Amino acid sequence: MLYDYQLLKLIHIFSSTFLWGTGVGTAFFMVMAHLSNNTETIQRTTKHVVIADWLFTTPAFIIQPISGYFLMEVLNYSFKSQWFFVVAALYSIMAIAWFPVVYLQDQMRKLTKNLNATDELPARYHALFKRWISLGFPAGIAVISLFVLMVYKPWLV
Ligand code: HEM
């Protein structure tokens, strides 16, 4: 066999924990910081969330489809199957939602960077946060659906 199935699957699953875990973790801290309404907390949290996304989510986001592709090859799963079609569609939906999420986080970081702890949060911050949360939901639902598809593997013929 050209590629080692267990090693590929280990990489794939390990990477999925970073993708999902960092996503949920950073979302939690962003919401908590927002609810605190404390400018300094929001400043620090957005800064750290942007770093966490570069360090953990971005590599996982790249590794996931690559390791998935090689797993498909090793297992001889059909790229013409309905399963793969739905997986590819959901992954694309996740990507379409996730790219603006990363952008919005960075905008919130830049916007709050030079504020003093006692400064009011600008109206633009609240607008960015609303958009960020409304995009986070479809991305999260897409990843949960992907987990289900990975484990149950329906329509894989
Ligand atoms: C981007 C496209 C993806 C492709 C082409 C893909 C493909 C695959 C393949 C072929 C397997 C092996 C199934 C088996 O051993 O029979 C697998 C397993 C798995 N994938 Fe993906 N995957 C993708 C994305 C994801 C994502 C985004 C996640 C979660 C964040 C994920 C989580 C998992 C998990 C947890 C398993 C283990 C399932 C099991 O052993 O039953 N995958 N994937």
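Further up the page is the structure itself.
Note that the structure is a prediction, hence the values are computed from the model and not measured. (Residues numbered from 1 in each chain as written. Predicted model: local features only at pLDDT ≥ 70, side-chain atom pairs only at ≥ 80, totals over all residues. Heavy atoms only, no water.)

Asks: Before we go on, may I ask you to explain the site of the ligand in this structure?
Replies: The ligand sits among 23 residues. The nearest are Y5, K9, H12, Y77 and M150. In this structure, an oxygen atom belonging to the ligand sits 2.6 Å away from a side-chain N or O atom of K9. Take Y77: an N or O atom from its side chain is 2.5 Å from an oxygen atom of the ligand. Secondary-structure elements contributing two or more residues to the shell around the ligand are α1 (5–36), α2 (39–75), α3 (82–113) and α4 (123–152). A per-class count over the shell around the ligand returns 17 nonpolar, 4 polar and 2 charged. (Near = heavy atom within 4 Å. Polar contact = N/O pair within 3.5 Å; in protein donor to acceptor, adjacent residues only side chain to side chain. Helix = DSSP H or I, 4+ residues; strand = E, 2+ residues; numbered from the N terminus. Nonpolar A, V, L, I, M, F, W, Y, C, P; charged D, E, K, R; others polar.)

Asks: In this structure, what is going on with the pattern of salt bridges? I would like to understand it.
Replies: If charged atoms from side chains of opposite charge come close, those side chains can pair. Applying the stated criterion across every chain, the model contains 3 salt bridges. A salt bridge links R44 to E40; the nearest nitrogen and oxygen atoms lie 3.7 Å apart. Taken together, the positions of R44 and E40, both in helix α2 and 4 residues apart, correspond to about one turn of that helix. For E40, a relative accessible area of 36% translates into the label partly exposed. It is possible to trace a salt-bridge network through shared partners that takes in D106, R109 and K110. (Salt bridge = Lys/Arg side-chain N within 4 Å of Asp/Glu carboxyl O. Buried < 20%, exposed > 50% of the residue type's maximum accessible area, 1.4 Å probe, protein only.)

Asks: What should I look at first to understand the packing of aromatic side chains in this one?
Replies: Here a ring pair, both rings aromatic, is described through the centre-centre distance and the interplanar angle of the planes. The tally for this structure, following the rule as stated, stands at 14 aromatic pairs. Geometrically, the ring pair formed by F28 and F29 is edge-to-face, given 5.3 Å between the ring centres and 80 degrees between the ring planes. Ring centres of W98 and F99 lie 5.7 Å apart, and the angle between their planes is 45 degrees; on these two criteria the pair is classed as tilted. Residue classification places F99 among the partly exposed residues on the basis of a relative accessible area of 49%. Feature note: the residues F61, Y91, W98 and F99 constitute an aromatic cluster, connected by ring pairs. (Phe/Tyr/Trp six-rings, centres within 6.5 Å; stacked < 30°, edge-to-face > 60°.)

Asks: Please explain the nonpolar core as it appears in this structure.
Replies: Within soluble globular proteins, side chains that are nonpolar generally end up buried alongside one another. F61 and M94 are the most contacted members of the largest nonpolar core, which totals 17 residues. Counting only elements with at least two residues in this core, the list comes to α2, α3 and α4. Ranked by residues supplied to this core, first place goes to α3 with 8 residues. Those residues in contact with F61 that sit more than four places away from it in its chain are L19, Y91, M94, A95, W98 and F99. (Core = buried A, V, L, I, M, F, W, Y, C linked by side-chain atoms within 4.5 Å. Contact = heavy atoms within 4.5 Å.)

Asks: Looking at this model, I keep getting lost on the packing of α3 against α4. Mind explaining?
Replies: Between two packed helices, the angle of one axis relative to the other and the distance separating the axes together describe the packing. Between α3 and α4, the least distance of the axes is 8 Å, while the angle of their chain directions is 155 degrees. Overall, the two elements α3 and α4 adopt an arrangement that is roughly antiparallel. Considering only the axes of α3 and α4, their crossing is left-handed. Considering only residue class, the contact of α3 with α4 consists of 23 nonpolar, 5 polar and 2 charged. (Axes fitted to C-alpha atoms, helices over the stretch in contact; angles between N-to-C directions. Parallel < 35°, antiparallel > 145°, perpendicular 65-115°, else oblique. Left-handed = near helix turned anticlockwise from the far one by under 90°.)

Asks: For this particular structure, what's the right way to read a nonpolar patch on the surface?
Replies: A contiguous nonpolar patch, built from W20, V24, I144, F147, V148, V151 and Y152 and spanning about 680 Å² of accessible area, is present on the exposed surface. The set of elements that each furnish at least two residues to the nonpolar patch consists of α1 and α4. Broken down by element, the nonpolar patch gets its largest block of residues, 5 residues, from α4. Residue placement: V148 occurs in helix α4. (Patch = residues over 30% accessible without salt bridge, like charges linked within 9 Å, V, L, I, M, F, W, Y side chains within 5 Å. Areas by Shrake-Rupley, 256 points an atom, 1.4 Å probe, with all protein chains shown as cover.)

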